[in-house]
Amino acid sequence: MRIDILTLFPDMCNSVLSESIIGRARKSGSVEINCIDIRDYTLDKHRCVDDKPYGGGMGMVMAPQPIYDCFSSLCNEIGKKPHLIYMTPQGKTLTQDRVKELSRLENIAILCGHYEGIDERVIEELQPEEISIGDYVLTGGELPALILADSVSRMLPGVLSDDECFENESHYNSLLEYPQYTHPSSWNGRDVPNVLLSGHHANVEKWRREKSLERTFYRRPDLLEGADLSKQDLDFISSLKTD
């Protein structure tokens, strides 16, 4: 898969994406991630990418021409139009289901806004999918773009050591993840649950499933509506309702 991030701060994005699991995945070729500087597509010697908003107001607005030319150049390089995503608090909130869908695409491009946003005309022209990472505002789209690139990349074959690394995580199957423990078995007067020390695989899996259901029931009950639940799961949830 190829991911292109269109940004005013490519070094910032490259720095994060060169570390840890995603950095190793880029080096191994499991995913290709490029950070493209929108400033390279300006037409003036000062490399100006923004201007004052028409109608007045605070801040600056990113101009349409550099963004459009940057994306057009990318399309020409790839030979087709990649799926374009604009990170904006006005978009639909990112979910794990959408991450899974995006991970099946061959190419995605992520546009990072900055300042007070980007000229509406380039949004109308390019018709990107608009995605938000939550109901709050950041100084730019770089951090949301990094979150999207990371969440999509880790779903790709070869990025994680095993599919189980993400299949049991929070939100993957519409449930929150069960509690995790490591050595030592006793810390500050708190002990690891005995079932995890038993070596009994079936009992461990049963405990983890019940803890996952329990956490979801108490913390995010809305997620249960989309979960694939067995009769045993439903019986356990019913027991929680009567506690």
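Just so it is clear, the model here is predicted, and its values are computed rather than measured.

A word on the nonpolar core. Within the largest apolar cluster, 26 residues are counted, with the highest numbers of intra-cluster contacts made by Ile3, Ile5, Leu17, Ile110 and Leu148. Breaking this core down by element, the ones donating at least two residues are β1 (2-7), α1 (10-17), α2 (20-28), β2 (32-37), β5 (83-93), α4 (96-102), β6 (107-112) and α6 (142-153). Per-element accounting of this core gives the leading share, five residues, to α6. Contacts of leucine 148, omitting those with residues within four sequence positions, involve Ile85, Met87, Leu94, Leu102 and Ile110. If you look at the next biggest cluster of nonpolar residues, it comprises 19 residues, including Leu8, Val49, Met62 and Leu111.

With that settled, the discussion passes to the pattern of salt bridges. Oppositely charged side chains can form a pair if their charged atoms are brought close together. Applying the stated criterion across every chain, the model contains 16 salt bridges. In this structure, glutamate 210 engages lysine 206 in a salt bridge whose closest nitrogen and oxygen atoms are separated by 2.8 Å. With glutamate 210 and lysine 206 both in helix α9 (residues 201-219) and four residues apart, the pair spans about one turn of that helix. On the accessibility criterion, lysine 206 (42% relative accessible area) is partly exposed. A salt bridge links lysine 231 to aspartate 235; its shortest N-O distance comes to 3.0 Å. One end of the pair is lysine 231 and the other is aspartate 235, both in helix α10 (residues 231-242) and four residues apart, which spans about a single turn. Among the charged side chains, a salt-bridge network with shared partners connects Arg2, Asp4, Glu32 and Glu77.

The pairing of strands in a sheet happens through backbone hydrogen bonds and is either parallel or antiparallel. Taking strand neighbours across the sheet as the criterion, the five strands line up as β2-β1-β6-β5-β7 in an open arrangement whose pairing is parallel. If you trace the sheet from one side to the other, it starts and ends with β2 and β7 (129-132), each paired once. Strand-to-strand twist in this sheet, taken as the mean axis angle between neighbours without regard to direction, amounts to 30 degrees. Both β1 and β2 contribute to a ladder of six bridges, which runs parallel. Counterpart to isoleucine 5 in the pairing with β2 is cysteine 35. Seen against the sheet, α6 touches β1, β2, β5 and β6 and runs at an angle of roughly 175 degrees to β1.

Let us look at a nonpolar patch on the surface. On the surface, a nonpolar cluster with roughly 430 Å² of combined accessible area is contributed by Phe9, Met12, Tyr136, Leu138 and Leu143. With respect to the helices and strands, the residue phenylalanine 9 is situated in the loop between β1 and α1.

Assignment of secondary structure puts proline 89 in strand β5. Linking proline 89 and threonine 182, residues 93 residues apart in sequence, is a C-alpha distance of 37 Å. Proline 89 has contacts with Ser132, Tyr136 and Val137, leaving out every residue within four places of it along the chain.

Thresholds, definitions, all that
- Residues numbered from 1 in each chain as written.
- Predicted model: local features only at pLDDT ≥ 70, side-chain atom pairs only at ≥ 80, totals over all residues.
- Heavy atoms only, no water.
- Core = buried A, V, L, I, M, F, W, Y, C linked by side-chain atoms within 4.5 Å.
- Buried < 20%, exposed > 50% of the residue type's maximum accessible area, 1.4 Å probe, protein only.
- Helix = DSSP H or I, 4+ residues; strand = E, 2+ residues; numbered from the N terminus.
- Contact = heavy atoms within 4.5 Å.
- Salt bridge = Lys/Arg side-chain N within 4 Å of Asp/Glu carboxyl O.
- Pairing = 2+ DSSP bridges.
- Axes fitted to C-alpha atoms, helices over the stretch in contact; angles between N-to-C directions.
- Patch = residues over 30% accessible without salt bridge, like charges linked within 9 Å, V, L, I, M, F, W, Y side chains within 5 Å.
- Areas by Shrake-Rupley, 256 points an atom, 1.4 Å probe, with all protein chains shown as cover.

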